[in-house]
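# Commentary on secondary and tertiary structure
One-letter residues, chain by chain:
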Amino acid sequence: MRGFLFVLALILLAIWGIGIFLYALKGLFNIVVILAAIALIMAIFSKPKRT
């Protein structure tokens, strides 16, 4: 029984760690998307104008 509880605790700990990693990754992905949008807007407005 003690071995089963140890394995169960390890599995739950691993799932918890993966959840925290994915939550942090989601936040990082949002920052990257925002930076890409800002770069796109700056590229549109900084094009040299033809005369």
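Definitions and limits used
- Residues numbered from 1 in each chain as written.
- Predicted model: local features only at pLDDT ≥ 70, side-chain atom pairs only at ≥ 80, totals over all residues.
- Heavy atoms only, no water.
- Helix = DSSP H or I, 4+ residues; strand = E, 2+ residues; numbered from the N terminus.
- Rg over C-alpha atoms; globule rule 2.2 N^0.38 Å.
- Buried < 20%, exposed > 50% of the residue type's maximum accessible area, 1.4 Å probe, protein only.
- Areas by Shrake-Rupley, 256 points an atom, 1.4 Å probe, with all protein chains shown as cover.
- UniProt positions renumbered as here; feature names shortened; annotations may be inferred.

Identification of the chain as Lmo0937 family membrane protein from Parapedobacter koreensis is taken from an unreviewed UniProt entry.

Before going further, it helps to examine the overall build of the chain. Per the secondary structure count, the chain includes one helix and zero strands. On C-alpha atoms alone, the chain measures out to a radius of gyration of 23 Å, which is more than a quarter above the 10 Å that the 2.2 N^0.38 rule sets for 51 residues. Along the first, second and third principal axes, the C-alpha atoms of the chain reach 80 × 10 × 5 Å. For the chain, with 51 residues in total, the buried portion stands at 0%. If you sum the accessible surface of the chain, you get close to 5,200 Å²; carbon and sulfur atoms cover 81% of it.

Under the local residue numbering, the UniProt record ascribes the feature "transmembrane region" (unreviewed entry) to residues 27-45. Structurally, residues 27-45 is divided into 100% helix and 0% strand, and its ends, taken at the C-alpha atoms, are 28 Å apart.

Glancing now at the environment of Asn30. Summarising the element assignment, Asn30 is placed in helix H1 (residues 2-45). By relative accessible area, which is 42% here, Asn30 ends up partly exposed. Separated by 26 residues in sequence, Asn30 and Phe4 place their C-alpha atoms 39 Å apart.

Bringing the environment of Ile38 into the picture now. Note on placement: Ile38 falls in helix H1. According to the relative accessible area criterion, Ile38 is partly exposed, its value standing at 42%. Taking the C-alpha atoms as reference points, Ile38 and Phe4, 34 residues apart in sequence, are found 51 Å from one another.

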